[in-house]
Amino acid sequence: RKEVEQDPGPFNVPEGATVAFNCTYSNSASQSFFWYRQDCRKEPKLLMSVYSSGNEDGRFTAQLNRASQYISLLIRDSKLSDSATYLCVVSVASSGSARQLTFGSGTQLTVLP
Amino acid sequence: SAVISQKPSRDICQRGTSLTIQCQVDSQVTMMFWYRQQPGQSLTLIATANQGSEATYESGFVIDKFPISRPNLTFSTLTVSNMSPEDSSIYLCSVLDPTGPDTQYFGPGTRLTVL
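The following paragraphs examine the structure supplied in this document. Since the structure is predicted, the reported quantities are computational estimates derived from the model, not experimental observations.

1. Quick word on the sheet that holds strand 8 (residues 70–75) of chain A
Residue and element names in this part refer to chain A. The strand order 1-3-8-7-6 describes an open sheet built from 5 strands, whose pairing is antiparallel. Every other strand in the sheet has two partners, leaving strand 1 (4–6) and strand 6 (55–57) as the edge strands with one partner each. The sheet shows a mean angle of 20 degrees between the axes of neighbouring strands, taken without regard to direction. As judged from the 6 bridges shared by strand 3 (residues 19–25) and strand 8, these two strands associate in the antiparallel manner.

2. What to know about the pattern of salt bridges
Here the idea is simple: oppositely charged side chains can pair when their charged atoms come close. All names here are of chain A. Taken as a whole and judged by the stated rule, the model has 5 salt bridges over all chains. Arginine 37 is paired through a salt bridge with aspartate 39; the nearest N and O atoms lie 2.6 Å apart. A relative accessible area of 29% places aspartate 39 in the partly exposed class. For arginine 76, the salt bridge identified is with glutamate 56, shortest N-O distance 3.5 Å. Note that arginine 76 is positioned in the loop between strand 8 and strand 9 (84–92) and glutamate 56 in strand 6, a separation of 20 residues in sequence. Residue classification places arginine 76 among the partly exposed positions, given a relative accessible area of 26%.

3. Remarks on the packing of aromatic side chains
Applying the stated criterion across every chain, the model contains 11 aromatic pairs over all chains. Measuring from ring centre to ring centre gives 5.9 Å for tyrosine 36 of chain A and phenylalanine 106 of chain B, while their planes differ by 85 degrees; the resulting arrangement is edge-to-face. Taken together, the positions of tyrosine 36 of chain A in strand 4 (residues 33–38) and phenylalanine 106 of chain B in strand 10 (residues 104–106) put the pair across two chains. Each of the two residues, tyrosine 36 of chain A as well as phenylalanine 106 of chain B, counts as buried. Both rings, one in phenylalanine 103 of chain A and one in phenylalanine 106 of chain B, keep their centres 5.8 Å apart while their planes meet at 75 degrees; by these two values the pair is edge-to-face. With one member in each of two chains, phenylalanine 103 of chain A in strand 10 (residues 100–103) and phenylalanine 106 of chain B in strand 10 form a pair that bridges those chains. We note that phenylalanine 103 of chain A, like phenylalanine 106 of chain B, is buried.

Rules and cut-offs
- Starting from 1, residues in each chain are numbered consecutively following that chain's sequence as written.
- Chain A is the first chain written and ligand 1 is the first ligand written, with later ones labelled in order.
- pLDDT decides what is reported in this predicted model: residues at 70 or higher carry local features, side-chain atom pairs at 80 or more are listed and counted, and totals for whole chains, interfaces and linings draw on all residues regardless.
- No hydrogens and no water enter the side-chain calculation; it runs on all heavy atoms of the structure.
- In this scheme, strands are said to pair when DSSP sees at least two bridges between them.
- Counting from the N terminus, the helices are DSSP H or I runs at least four residues long and the strands are E runs at least two residues long.
- A fitted line through C-alpha atoms represents every axis, and for helices the fit uses only the stretch in contact; the resulting angles, taken between N-to-C directions, go from 0 to 180 degrees.
- Any carboxyl oxygen of Asp or Glu that lies within 4 Å of a side-chain nitrogen of Lys or Arg is treated as forming a salt bridge with it.
- When a residue's accessible area, from a 1.4 Å probe over protein chains only, is under 20% of the maximum for its type it is buried; when over 50% it is exposed; and in between it is partly exposed.
- Two rings from Phe, Tyr or Trp (for Trp, the six-membered ring) form a pair when their centres are within 6.5 Å of each other. A pair whose planes differ by under 30 degrees is stacked, one over 60 is edge-to-face, and the rest are tilted.

Pasting the structure below:
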């Protein structure tokens, strides 16, 4: 079983639509949770951290359910510029001083005009 | 967030040769990492670059193949040694954000093609 699992998509949605991505993680000791976005041929960029209480940043809402080991990302009023691959990322304890990031394989989103 | 640059941005290399990738950060950072992203796949951590000591490698990655240097708090290099076509990948360095727990920021990546 993969440590971080995502639906690979692709999700093709019209502009203005609401789209939701889901992610599950296997390590119950995971500490921090993130969504990154990666545009084609670019590096991953932090979209938002995910907190247990849920958090919102403009059109983006992230939720974390520790009991179910489940993370979600909701994008409202999709824009063409939201087209990208969305990576679910969790941190786990490592033998070093910093926790490691484990990346999901990503969910591809295309917003259509 | 820190500004991270990598050189080269891309390269095409012959099998059996080695390539050294540089990562420069505009501020001092405690933790730097090297990742690989193979075509169509997500990121895999190669190693943590430790300043002043040997890098910490993940399972499946060894120092002889991927020697890493970290001479100071703003610079690191990753060498891909004795390359084969299977090493064709994007190599990314990242830094740990000192202000946010576990948050990492990534350099633009080095796209390597091995013929």
